[in-house]
Amino acid sequence: MSIDFGPERWHRIVQDYTAWWAGELGRPLINIELTGADPRRAMPTGPMYEVTACYSPEVTPEVIVDHWDCRLSCKRYVGDAYPNIRPNFGAGVNAAFMGARAIPTETTVWFEPPADVTPDALHFTYQPDHPWLERIKDICRAAVTRWQGSVCIGMTDLNNGIDPVARFISSEAMLLALYDAPDEVKRLTWQSHELMWRYYD
């Protein structure tokens, strides 16, 4: 493997993090990742994106994971750092799962309302076959297959509560709705909360 992080270092990381969470480590955890290491592998072809959502649907999950592998191989992990990566589809991608329009850029993903609606007209439902949800799961499966536990694969960035709701209602409309229709905002917030946990699972 080209990522410079072997089983003995993982063993120490697991011990130290376990002790830290139990309040028994006696020091803070310090994570330092240094770039510029020799990747000891060939560079992949095609553009490499920080925002995973920027890859076109034609790019296979295996190619994306190979790009991640190259990025992780160019790092040195110092102190309590360890190789980790997560599919970046934007902060609060569950808003897209619920129907918001997703607009990827080089640095982030913006989420916009699919239409101009009032809170009482909104109803969120679970969409298990949403294309982005399927894409995220496919990429994570490819990463698990590739690394077999030697890289920590993180969760995509899900938001909870009112944040995803705010992707469907403009800021001004949300402020008014909090005053004029608090029960509707509460209903949507609970729907969003429950769906976030379903998507997390």
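Residues numbered from 1 in each chain as written. Predicted model: local features only at pLDDT ≥ 70, side-chain atom pairs only at ≥ 80, totals over all residues. Heavy atoms only, no water.

Q: Just give me the short version of the nonpolar core, but keep the residues and values in it.
A: Judged by nonpolar contacts, the single largest core of 47 residues is most densely connected at Trp 68, Val 93, Phe 97, Phe 124, Trp 132, Trp 147 and Phe 168. For this core, the secondary-structure elements that each account for two or more residues are helix H1 (7–21), helix H2 (61–73), helix H3 (94–97), strand E5 (109–112), helix H4 (131–147), helix H6 (171–180) and helix H7 (182–200). Tallying contributions element by element places H4 first for this core, with seven residues. (Core = buried A, V, L, I, M, F, W, Y, C linked by side-chain atoms within 4.5 Å. Buried < 20%, exposed > 50% of the residue type's maximum accessible area, 1.4 Å probe, protein only. Helix = DSSP H or I, 4+ residues; strand = E, 2+ residues; numbered from the N terminus.)

Q: An account of the packing of aromatic side chains is needed here, citing residue identities and associated values.
A: Scanning the model with the defined rule gives eleven aromatic pairs in all. Where Phe 89 meets Trp 132, the ring centres are 5.1 Å apart and the plane angle is 75°; that geometry is what we call edge-to-face. With a gap of 43 residues between them, Phe 89 in the loop between strand E3 (84–85) and H3 and Trp 132 in helix H4 connect regions that are remote in the sequence. Taking the relative accessible area as the measure of exposure, Phe 89 reaches 2% and is therefore buried. (Phe/Tyr/Trp six-rings, centres within 6.5 Å; stacked < 30°, edge-to-face > 60°.)

Q: Tell me about a nonpolar patch on the surface, and please be specific about residues and values.
A: Nonpolar side chains collect at one region of the surface, where Ile 30, Ile 32 and Leu 34 lie side by side and expose about 230 Å² of accessible area between them. Within the secondary structure, Ile 30 sits in the loop between H1 and strand E1 (31–35). For Ile 30, a relative accessible area of 45% corresponds to the partly exposed category. (Patch = residues over 30% accessible without salt bridge, like charges linked within 9 Å, V, L, I, M, F, W, Y side chains within 5 Å. Areas by Shrake-Rupley, 256 points an atom, 1.4 Å probe, with all protein chains shown as cover. Salt bridge = Lys/Arg side-chain N within 4 Å of Asp/Glu carboxyl O.)

Q: Please give an account of H7 that cites residues and values.
A: Since the α-helix packs 3.6 residues into each turn, any two residues three or four apart lie on the same face. Across its 19 residues, H7 extends 27 Å between first and last C-alpha, which sits within 8% of the 27 Å expected from 1.5 Å per residue. Buried residues in H7 make contact with H3, H4, helix H5 (162–165) and H6. (Expected span 1.5 Å × (residues − 1). Contact = heavy atoms within 4.5 Å.)

Q: Just give me the short version of the environment of Ile 3, but keep the residues and values in it.
A: The topology assignment puts Ile 3 in the segment before H1. By relative accessible area, which is 3% here, Ile 3 ends up buried. Setting aside its immediate chain neighbours within four residues, Ile 3 contacts Arg 40, Asp 69, Leu 72, Ser 73, Tyr 77, Pro 83, Trp 147 and Val 151.

Q: So what's going on with the environment of Trp 147? Which residues, and what values?
A: Take Trp 147: it is sitting in helix H4. What makes Trp 147 buried here is its relative accessible area of 4%.

Q: Describe the packing of H2 against H4, with residues and values.
A: Contact geometry of H2 with H4 gives a least axis separation of 9 Å together with a crossing angle of 55°. Between H2 and H4, the angle falls in the class oblique. H4 is crossed by H2, and the crossing has right-handed handedness. Along its contact with H2, which presents Pro 61, Glu 62, Ile 64, Val 65, Asp 66, Trp 68, Asp 69 and Leu 72, the element H4 presents Arg 135, Asp 138, Ile 139, Ala 142, Ala 143, Arg 146 and Trp 147. (Axes fitted to C-alpha atoms, helices over the stretch in contact; angles between N-to-C directions. Parallel < 35°, antiparallel > 145°, perpendicular 65-115°, else oblique. Left-handed = near helix turned anticlockwise from the far one by under 90°.)

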